[in-house]
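One-letter residues, chain by chain:
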Amino acid sequence: MCQSNTLQGPDLHTGKWLQFPQLALRRRLGQLSCMSRPALKLRSWPLTILYYLLPFGALKPLTRVGWRPMSRVALYKSVPTRLLSRAWGRLNQVELPTWLRKPVYSLYIWTFGVNMKEAAVEDLHHYRNLSEFFRRKLKPQARPVCCLHSVISPSDGKILNFGQVKNCEVEQVKGVTYSLESFLGPRISTEELHFSQAPPGNSFQQQLVTKEGNELYHCVIYLAPGDYHCFHSPTDWRVSHRRHFPGSLMSVNPGVARWIKELFCHNERVVLTGDWKHGFFSLTAVGATNVGSIRIYFDQDLHTNSPCYSKGSYNDFSFISNNNKEGIPMRKGEHLGEFNLGSTIVLIFEAPKDFKFHLKAGQKIRFGEALGSL
């Protein structure tokens, strides 16, 4: 005998009532699917946050009717970090009352382990706002510059990764890579960099290597919020060119760097390129959340974290001119620039095969200490 699956009596009404929420959700999801991508992202964003925050999978039933949450990475990328960083920058410029300075700065010192005994001015009342405190100078004897090694650390920080560049990719942290060409952008003209023309068939990495027998090396240094925020020249070299990528301002914390592939290629950054005695040399200052301001002391035309920018664009500026054929000469240890809060410095340079790093991944390092030598 065949049994009917038709609901009878009260069960029929219950079944209809259970269908109403699902029908309403399907109708709503149909409306969402007709929206433009920005509008859809705006409408899905709050629901996605609730999906990840609420316990016991409270919103998982929504996935059964066709709704899909944004991934955690996509959700994080949708946060308006540039706007937040500009707001933070303006807050940093607000002058604090004298009586409030010591408690505010003391809390920051306690939270991030700042060593004020190294500061040129130890009196906390001297710093009128947070920006001045972040960019505090050090006592001259606080960071002796190593004279025995050819490349020194340009800043205080933590060594995230270092070594030879292989297959046109660089590791931002162990096991997570980014494209060398995406990071530096298209190759600059050989006239600006005093380089010989590389064969057109060579890879981007091979085009940067100017001398036979040399290799390309990299070193990534993460500056935490409590670190000294200025950076210096890591060697004697000439800066020929500056390239500014507006980009995003996501956190460059090592945990986030493991999470988001090619993070350094997404973020705002200033690439300084030139040459040293062994060939190509570059230093890149990578911005981060609340670090929209990257300053290069000799470059008054550089303006970072602008409200308007085109995604994927970059701005070039040459320091080579008719009146200046050599670019900007930098001496090892000379002041180069500064961040507002913590960020990342990436060195990519050419050197002979016998170049050796004197580092361990994860170690703390201070400006002036040796990175490597021949």
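Predicted, not measured: the structure shown is a model, and the values here were computed from it.

Overview of the pattern of salt bridges
- This model, assessed by the stated rule, comprises 16 salt bridges.
- Between Asp275 and Arg238 there is a salt bridge, with its nearest N and O atoms 2.7 Å apart. Of this pair, Asp275 sits in strand 8 (residues 269–276) while Arg238 sits in strand 7 (residues 237–245), and the two are 37 residues apart along the sequence.
- Residue classification places Asp275 among the buried positions, given a relative accessible area of 9%.
- With relative accessibility at 24%, the residue Arg238 sits in the partly exposed group.
- Where Glu338 meets Arg295, a salt bridge forms, and the shortest distance between an N and an O atom there is 3.7 Å. Taken together, the positions of Glu338 in strand 13 (residues 335–339) and Arg295 in strand 10 (residues 294–296) put the pair 43 residues apart, joining distant regions of the chain.

Some thoughts on the sheet that holds strand 6 (residues 230–232)
- The three strands are arranged 6-13-10 in an open sheet whose pairing can be described as antiparallel. Strands at the two margins of the open sheet, each flanked by one partner only, are strand 6 and strand 10. Each neighbouring strand pair of the sheet contributes to a mean axis angle of 20°, computed without reference to strand direction.

Points about the UniProt feature "modified residue: Pyruvic acid (Ser)" (unreviewed entry) in the chain
- When the UniProt feature table is mapped to this numbering, "modified residue: Pyruvic acid (Ser)" (unreviewed entry) covers Ser343.
- Tracing the backbone shows Ser343 in strand 14 (residues 343–352).

Describing the nonpolar core
- Core analysis: the biggest nonpolar cluster contains 32 residues, and Phe231, Trp237, Ile345, Leu347, Phe349 and Leu371 have the highest contact counts within it.
- Secondary-structure elements contributing two or more residues to this core are strand 5 (214–223), strand 7, strand 8, strand 9 (279–286), strand 10, strand 12 (328–330), strand 13 and strand 14.
- Contact partners of Leu371, with chain neighbours within four places excluded, come to Val151, Ile152, Ser153, Pro154, Ile159, Cys219, Leu347, Lys356, Phe357, His358, Leu359 and Ile365.

Describing the UniProt feature "active site" (unreviewed entry) in the chain
- In the numbering adopted here, UniProt assigns the feature "active site" (unreviewed entry) to Asp156, His232 and Ser343. Across 188 residues in sequence, these annotated residues keep their C-alpha atoms within 14.2 Å of one another, forming a single compact spot.
- Structurally, the position occupied by Asp156 is in the loop between strand 1 (151–152) and strand 2 (157–164).
- Every residue in contact with Asp156, bar those within four places of it in the chain, is listed here: Arg143, Ile221, Tyr222, Leu223, Asp227, Tyr228, Ile365, Arg366 and Phe367.
- A polar contact of 2.6 Å, which involves the side chain of Asp156, links it to the side chain of Arg143.

What to know about the side chain of Asp299
- One can find Asp299 in the loop between strand 10 and strand 11 (315–318).
- Take Asp299: its relative accessible area is 4%, and that puts it in the buried class.
- Separated by 2.6 Å, the side chains of Asp299 and Arg242 make a polar contact.
- Within polar-contact distance, the side chain of Asp299 engages the backbone nitrogen of Leu302 at 3.4 Å.
- When residues no more than four places from it in sequence are discounted, the contact partners of Asp299 are Arg242 and Phe319.

Definitions and cut-offs
Residues numbered from 1 in each chain as written. Predicted model: local features only at pLDDT ≥ 70, side-chain atom pairs only at ≥ 80, totals over all residues. Heavy atoms only, no water. Salt bridge = Lys/Arg side-chain N within 4 Å of Asp/Glu carboxyl O. Helix = DSSP H or I, 4+ residues; strand = E, 2+ residues; numbered from the N terminus. Buried < 20%, exposed > 50% of the residue type's maximum accessible area, 1.4 Å probe, protein only. Pairing = 2+ DSSP bridges. Axes fitted to C-alpha atoms, helices over the stretch in contact; angles between N-to-C directions. UniProt positions renumbered as here; feature names shortened; annotations may be inferred. Core = buried A, V, L, I, M, F, W, Y, C linked by side-chain atoms within 4.5 Å. Contact = heavy atoms within 4.5 Å. Polar contact = N/O pair within 3.5 Å; in protein donor to acceptor, adjacent residues only side chain to side chain.

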